[in-house]
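An overview of the molecular structure
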Amino acid sequence: GESVGLHLPTLSVQEGDNSIINCAYSNSASDYFIWYKQESGKGPQFIIDIRSNMDKRQGQRVTVLLNKTVKHLSLQIAATQPGDSAVYFCAENMGLGGATNKLIFGTGTLLAVQP
Amino acid sequence: EPEVTQTPSHQVTQMGQEVILRCVPISNHLYFYWYRQILGQKVEFLVSFYNNEISEKSEIFDDQFSVERPDGSNFTLKIRSTKLEDSAMYFCASKGGGNSPLHFGNGTRLTVT
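A quick note: this is a predicted structure, and the numbers were derived from the prediction, not measured.

We now examine the overall build of chain A. Within chain A, the secondary structure is distributed over zero helices and 11 strands. Secondary structure of chain A in N-to-C order comes out as β-β-β-β-β-β-β-β-β-β-β. Per-residue burial over chain A gives 44% buried out of 115 residues. Expressed as a percentage of contacts within chain A between residues at least 6 apart in sequence, the contacts between residues at least 24 apart total 52%. Surface accessibility of chain A: about 5,300 Å² in total, with carbon and sulfur atoms responsible for 49%.

This is the structure in structure tokens:
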């Protein structure tokens, strides 16, 4: 079946560098995508979202890029800090209507920030 | 900032026993969800709930599972007869109306022995 997946299971970066976490999705009908951060022992924490009618969206130190042509999603983190160390999940909405009923999560990328 | 709260943080139960996992969603949210995460694996959708009924459920959510919103603040997940493979982190989430993201609680770790 169709699913969301991540290219890189582990990403190690130096503090202060920019990080890029990638995600491939296979359901061309998905219209809403979210990035979540999960720290050890905690639930997924919302970072940023993007709808399929957009190519780019920026937040505080984070940018999400959506390439619908190749079904690719990326999360860019500027000036990565030790507090950014966590597992990052992309998720796509495969629910009914527009109510975000059913998010399908990718397998996650572990971001390790070296001081 | 409002948050989703879940209790207990850790639940240990014997196989065959019933468990109820409790959640208090964010107060003005309209949509409620349960997800689970088996150790080391990705987060999996279980069920969504809106307007006092299930709107969608996964194949994981079989007859052993049920959800209830008994009052205006709580949202519960019941597993009638737990199995070893039910051991996982169970996350509750809620969402407001319109184009808004899901907000997750910190989960209940269920251990079935």
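Across all of its chains, the model carries 16 aromatic pairs over all chains by this definition. A ring pair is formed by Y36(A) and F105(A), whose centres lie 5.6 Å apart and whose planes are at 35°; its orientation type is tilted. Taken together, the residues Y36(A) in strand β4 (residues 32–38) and F105(A) in strand β10 (residues 103–105) connect sequence positions 69 residues apart. Accessibility expressed as a relative area gives 0% for Y36(A), which makes it buried. Aromatic side chains Y35(B) and F45(B) sit 5.5 Å apart centroid to centroid with 75° between the ring planes, which places their arrangement in the edge-to-face category. Of the two residues, Y35(B) is situated in strand β4 (residues 31–37) and F45(B) in strand β5 (residues 44–50); the sequence distance between them amounts to 10 residues. For the pair Y35(B) and F45(B), one class covers both residues: buried.

What follows concerns the environment of Q45(A). Residue and element names in this part refer to chain A. Looking at where Q45 falls in the secondary structure, it is placed in strand β5 (residues 45–51). For Q45, a relative accessible area of 43% translates into the label partly exposed. Distance from Q45 to W35, taken between C-alpha atoms, is 8.5 Å for residues 10 residues apart in sequence. Setting aside chain neighbours within four positions, we find Q45 in contact with W35, Y36, K37 and E39.

Okay, the pairing of β4(B) next. Residues and elements named next belong to chain B. With seven of its seven residues buried, β4 lies for the most part within the structure. Neither face of β4 is exposed, since Y31, Y33, Y35 and Q37 on one face and F32, W34 and R36 on the opposite face are all buried. Judged from the six bridges that link them, β4 and β5 form a sheet pairing that is antiparallel. Of the residues in β5, the one forming a bridge with W34 is V47.

Looking now at unusual backbone geometry. Cis geometry marks the peptide bond from T7(B) to P8(B), where omega comes out at -10°. The residue P8(B) is located in the loop between β1 (5–7) and β2 (10–13) in this model. Residue K71(A) is not a glycine yet carries a positive backbone phi of 55°. Relative to the helices and strands, K71(A) is located in the loop between β7 (62–67) and β8 (72–77). Not every positive phi belongs to a glycine, and N51(B) is a case in point at roughly 55°. With respect to the helices and strands, the residue N51(B) is situated in the loop between β5 and β6 (53–57).

Residues and elements named next belong to chain B. Within β5, five of the seven residues are buried, leaving the element largely enclosed by the surrounding structure. Adjacent in sequence and paired antiparallel, β4 and β5 are bridged by six residues, among which G40 carries a positive phi angle near 80°. Of the pairings in the sheet, the one linking β5 to β6 comprises four bridges and is antiparallel in character. Note on β6: the bridge partner recorded for S48 is E56. The antiparallel pairing of β5 with β6 creates a hairpin that spans two residues between the two strands, and N51 there sits at a positive phi of about 55°.

Under the definition given, this model contains six salt bridges over all chains. With a shortest N-O distance of 2.2 Å, D49(A) and R57(A) are connected by a salt bridge. Residue R36(B) pairs with E44(B) through a salt bridge whose shortest N-O separation is 3.2 Å. Accessibility expressed as a relative area gives 10% for R36(B), which makes it buried.

Definitions and limits used
- Residues numbered from 1 in each chain as written.
- Chains lettered and ligands numbered in written order.
- Predicted model: local features only at pLDDT ≥ 70, side-chain atom pairs only at ≥ 80, totals over all residues.
- Heavy atoms only, no water.
- Helix = DSSP H or I, 4+ residues; strand = E, 2+ residues; numbered from the N terminus.
- Buried < 20%, exposed > 50% of the residue type's maximum accessible area, 1.4 Å probe, protein only.
- Contact = heavy atoms within 4.5 Å.
- Areas by Shrake-Rupley, 256 points an atom, 1.4 Å probe, with all protein chains shown as cover.
- Phe/Tyr/Trp six-rings, centres within 6.5 Å; stacked < 30°, edge-to-face > 60°.
- Pairing = 2+ DSSP bridges.
- Salt bridge = Lys/Arg side-chain N within 4 Å of Asp/Glu carboxyl O.

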